[in-house]
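Now for the letters of each chain:
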Amino acid sequence: MSESYSDLRGILEYAPILRVRRNHGLEHATLHVLAERHPGRPLAGHSDLGGFWIIGDLSVEELASAIQEARARLESGEVKLAVHPNCGTNFATSGILAGLAAAAAMFGVGKRARDNLDRLPMAILVATLALIVSQPLGMQLQEHVTTSGVLGMLRVVEIIPRTQGKVKAHRVVTEG
């Protein structure tokens, strides 16, 4: 194992980071379960050190049941539930790679507007290729870096419903 990979593993296993990764994994698994139960219902999530948010029109009971099923499925080996196609990791990976590709394509272009326009098709092409590459890369980053499907001692201690105007959300507080 290379030293840099070992260093990354050490950082990812650092207790606060591992806790966020586990919260993120449980959040994603919960969103998968909720999507199975309520196809088409708009839902979103956000994780942090203290737990996660589920944003959407749900009752506390619906959410608690989905969390319980998500946890059971993760613990029975469905660790891929911790990875979600609409995760911010995917969006950030796509944005970063496409932006860098387009910037690289425009590097060294002359000062005239015509020079920029001549290079624009190349910038579009490399940005599109970067978006294609970023899809599987974002999922891999989730699986190995930003989430964990192994919850360890993580447990939900409280679900707090919140409403801000028309937006309904639940704060899921975790520990462990």
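All residue numbers refer to position in the chain's written sequence, counted from 1. The model is predicted, so local features are restricted to residues of pLDDT at least 70 and side-chain atom pairs to those at 80 or more, both for listing and for counting; the totals for chains, interfaces and linings are taken over all residues. Derived side-chain values reflect all non-hydrogen atoms in the structure, with water molecules and hydrogen atoms excluded from consideration.

Trainee: Help me get a handle on the sheet that holds strand β4 (residues 167–175), residues and values and all.
Mentor: In space, the 4 strands of this open sheet follow the order β1-β2-β4-β3, with antiparallel pairing throughout. The outermost strands of the open sheet, each flanked by one partner alone, are β1 (44–48) and β3 (155–164). Averaged over neighbouring strand pairs, the angle between their axes works out to 20° when direction is ignored. Here, strands pair whenever DSSP counts at least two bridges between them. Strands here mean DSSP runs of E at least two residues long; helices mean DSSP runs of H or I at least four residues long; both are numbered from the N terminus. Where β1 meets strand β2 (residues 51–55), 5 bridges bridge the pair, whose relative direction is antiparallel. Bridged to S47 within β2 is F52. The contact rule is simple, with two residues in contact once any of their heavy atoms fall within 4.5 Å. Throughout, an axis means a line fitted to C-alpha atoms (over the contacting stretch in the case of helices), and angles, computed between N-to-C directions, take values from 0 to 180 degrees. Packing of helix α3 (residues 60–75) onto the sheet brings it into contact with β2, β3 and β4, and relative to β3 it is tilted by some 145°.

Trainee: Just give me the short version of helix α4 (residues 88–106), but keep the residues and values in it.
Mentor: Counted at 1.5 Å a residue, the expected span for α4 with its 19 residues is 27 Å, and the 27 Å between its end C-alpha atoms agrees. Only protein chains enter the accessibility calculation, which uses a 1.4 Å probe; a residue is then buried when its area is under 20% of its type maximum, exposed when over 50%, and partly exposed in between. Listing the buried residues of α4 in full gives T89, N90, T93, S94, A98, A101 and A105. An end-on view of α4 places all buried positions within 150° of arc, on one side of the element. Structural note: α4 exposes F91, I96 and L100 on the side pointing more than 90 degrees away from its buried face. Immediately beyond the C-terminal end of α4, within one or two residues, lies G108, with a positive phi of roughly 85°. To estimate the expected span of a helix, count its residues, drop one, and scale the result by 1.5 Å. Directions from the helix axis toward the C-beta atoms define the arc.

Trainee: Residues and numbers for the packing of α4 against helix α5 (residues 113–146), please.
Mentor: To characterise two packed helices, one gives the angle between the axes of the helices and the distance between these axes. Direction vectors running N to C along α4 and α5 enclose 150°, while the axes themselves pass 6 Å from each other. Classified by the angle between their axes, α4 and α5 sit roughly antiparallel to one another. In the packing of α4 onto α5, the handedness of the crossing is right-handed. If an angle is under 35 degrees, it is roughly parallel; if it is over 145, roughly antiparallel; if it lies from 65 to 115, roughly perpendicular; otherwise it is oblique. By convention the crossing between two helices is left-handed if the near helix lies anticlockwise of the far one by an angle smaller than a right angle, and right-handed if it lies clockwise.

Trainee: Talk me through the layout of surface pockets; I want residue IDs and the actual numbers.
Mentor: Empty space within the largest pocket amounts to approximately 280 Å³. Every residue lining the largest pocket is counted, 18 residues in all, and those nearest its centre are L31, L43, A44, G45 and H84. For the lining of the largest pocket, the secondary structure elements donating two or more residues are α2 (15–37) and β1. Among the elements that take part in the lining of the largest pocket, α2 stands out by supplying 5 residues, more than any other. Any residue that is not Ala, Val, Leu, Ile, Met, Phe, Trp, Tyr, Cys, Pro, Asp, Glu, Lys or Arg is counted as polar, Gly included; the first ten are nonpolar and the last four charged. For the lining of the largest pocket, the class distribution of residues is 6 nonpolar, 10 polar and 2 charged. Only protein atoms enter the calculation, which uses a 1 Å grid: trapped sets of points that fit a 1.4 Å probe without letting it out are cavities, open sets showing protein on both sides within 12 Å along at least five of seven lines are pockets, and any residue with an atom within 4 Å of a point is a lining residue. Grid points are joined across faces, edges and corners, and a volume is the space filled by probe spheres set on the points.

Trainee: Please set out the packing of α2 against α3 residue by residue, giving values where relevant.
Mentor: α3 packs onto α2 with a crossing angle of 115° between their chain directions and a minimal axis gap of 8 Å. As judged from the angle between their axes, α2 and α3 are roughly perpendicular. With respect to the hand of their crossing, α2 and α3 are arranged in right-handed fashion. Contact with α2, carried on its side by G25, L26, A29, T30, V33, L34, E36 and R37, involves E62, L63, S65, A66, I67, E69, A70, R71, R73 and L74 of α3 and no other residues of that element.

Trainee: Could you give an account of the side chain of T89, naming the residues involved and the relevant values?
Mentor: Mapped onto the fold, T89 is located in helix α4. Looking at T89, the relative accessible area reads 13%, which means it is buried.

Trainee: Any chance you could break down the environment of D118 for me, citing the residues and the numbers?
Mentor: Within the secondary structure, D118 is located in helix α5. Remark: the alpha-carbon pair of D118 and Q68, spanning 50 residues in sequence, is separated by 56 Å.

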